[in-house]
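One-letter residues, chain by chain:
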Amino acid sequence: MLKKQCTGFRSGFAAIMGKPNVGKSTLLNTITGQKIAIVTSRPQTTRNRIMGVKNAANGQIVLFDTPGIHSPLHTLGRFILKTSMDTVSEVELIYLVVNPSMPDDGDISVMDMLKGTKKVIFLIINKTDMLKDKPALLTIIDAYRKFIDFAEIIPVSAKTGSGVDELVQETLCYLPEGPKYYPDEVVTDVFERFMASECIREKLMDYTHDEIPHSIAVDIVRWEEKKSGLVSISANIFVEKPTQKGIIIGKNGRTLKAVGTKARKEIEDVVGARVYLDLFIKVKKNWRKDVSALEELGFK
């Protein structure tokens, strides 16, 4: 049940924030109804800020999915943290997304970073479909209230969609009356090339498990649209060590072939055309610590 009533057409910007692996990207995808951000079981998968647009009869929400906030261990980590915190100044509202459990050090660290902001903050307790003891939700809510005076606290399941409609309507009521910033057909500002590289990275993370997921970067080096309608794509997969190259290739090339097949099918859905995909693996030693390497890979 909505706690606020609002009139007129409302629009504005909201940031989806939180520690790694709380379901921020899944929430963005569910709200927009499109797969915009990659989703894996591995934490710290989002590296860039990704925009998604939610259109409703009474308003428009422009959402930014930010990388999971954690203590940076290298240059890439510092870039990721800055990306998340810079977004705060550009929005009217913040979703702090958490797991359905008592706040841990990671959650507390994010809340400490947000305490100084004067932005409206919603506490979004995600993955409530996994919560067996429903009364425990009240205890969790009370624990979080000790840190921040949240404008709203909304339990949701990004996976099933439960509570998401309420979240959208509550958000619109907190946004000002304003224009439609993007036409209805625009769902994201992410280009097809970036989405293709993210598709490949997602499949690589799924197949390499805990061995090398965060040492992987993907760069689209060729994108050619043929007269036949075929889109021919070449991508470089960068790893930090020669041993990681073998892991991605797999026995008799099976892992790389499986990654290519699954990524190609998903990219075809993105571009709406048949795709030919070539994947090449290259070693770029310690690329996550190298500023020039990060700039070459699009981290500015």
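From a predicted model like this one, the values you see are computed outputs, not experimental measurements. Sequence order as written defines residue numbering, which begins from 1 separately in each chain. The predicted origin of the model limits local features to residues at a pLDDT of at least 70 and limits the giving and counting of side-chain atom pairs to 80 or more, whereas totals for whole chains, interfaces and linings rest on all residues. With hydrogens and water stripped out, all remaining heavy atoms of the structure feed into the side-chain values.

Asker: I keep staring at the state of the cysteines and nothing clicks. Help me out?
Answerer: Disulfides are covalent bonds that connect the sulfur atoms of two cysteines. Cysteine sulfur atoms that come within 2.5 Å of each other are treated as a disulfide pair. What the rule picks out here adds up to one disulfide. Disulfide pairing is shown between C6 and C173; the S-S distance is 2.3 Å. In this structure the cystine formed by C6 and C173 twists about its S-S bond by roughly -60°; its chirality is therefore left-handed. Linking C6 in the segment before β1 (10-17) with C173 in helix α5 (residues 164-174), this pair joins segments that are 167 residues apart in sequence. We call a residue buried when its accessible area falls under 20% of the maximum for its residue type, exposed when it is over 50%, and partly exposed in between, using a 1.4 Å probe and counting protein chains only. Residue classification places C173 among the buried residues on the basis of a relative accessible area of 7%. Counting from the N terminus, the helices are the DSSP runs of H or I reaching at least four residues and the strands are the DSSP runs of E reaching at least two.

Asker: Quick question: what am I supposed to make of helix α4 (residues 136-145) here?
Answerer: Every α-helix carries 3.6 residues per turn, so stepping three or four residues along brings you back to the same face. Among all positions of α4, only L137, I140, I141, A143 and Y144 are buried. Along the axis of α4, the buried residues cluster in a sector spanning 160°; they form a single face. Of the exposed residues in α4, those oriented more than 90 degrees away from the buried face are L138 and R145. Packed against the buried residues of α4 are β4 (93-98), α3 (105-114), β5 (120-125) and β6 (152-155). Note: the arc covers the axis-to-C-beta directions of the helix. Note on contacts: a residue pair is in contact if any heavy atoms of the two residues lie within 4.5 Å.

Asker: Before we go on, may I ask you to explain the packing of aromatic side chains in this structure?
Answerer: Ring pairs (aromatic) are described by centroid distance and by the angle formed between their planes. Think of it this way: a Phe, Tyr or Trp ring, Trp meaning its six-membered ring, pairs with another when their centres are within 6.5 Å, and the plane angle makes it stacked under 30 degrees, edge-to-face over 60, tilted otherwise. For the structure on display, the rule yields four aromatic pairs. Ring centres of F13 and Y181 lie 4.9 Å apart, and the angle between their planes is 55°; on these two criteria the pair is classed as tilted. Of the two residues, F13 is situated in strand β1 and Y181 in the loop between α5 and α6 (192-208); the sequence distance between them amounts to 168 residues. Judged by its relative accessible area of 17%, F13 is buried. Ring geometry for F122 versus Y174: centroids 5.2 Å apart, planes at 80°, classification edge-to-face. One end of the pair, F122, is in strand β5; the other, Y174, is in helix α5, and 52 residues separate them in sequence. With a relative accessible area of 0%, F122 lands in the buried category. We classify Y174 as partly exposed; its relative accessible area is 25%.

Asker: Help me understand the sheet that holds strand β2 (residues 50-56), please; the structure alone is not making it clear to me.
Answerer: Backbone-to-backbone hydrogen bonds pair the strands of a sheet. The strands run either parallel or antiparallel. An order of β2-β3-β1-β4-β5-β6 is seen for the six strands of this open sheet, with the pairing classed as mixed. Single-partner strands in this sheet number two, and they are β2 and β6. Going from strand to strand, the sheet's axes swing by 25° on average, the running direction of each strand aside. Strand direction decides the pairing type here: β1 and β4, joined by four bridges, are parallel. Residue pairing for β4: I16 is matched across the bridge by Y95. Helix α1 (residues 24-32) rests against β1, β2, β3 (59-65), β4 and β5 of the sheet, and its axis sits at about 155° to β3. Should DSSP find at least two bridges between two strands, the strands are regarded as paired. Between N-to-C directions, angles cover 0 to 180 degrees, with each direction set by a line fitted to C-alpha atoms, over the stretch in contact for helices.

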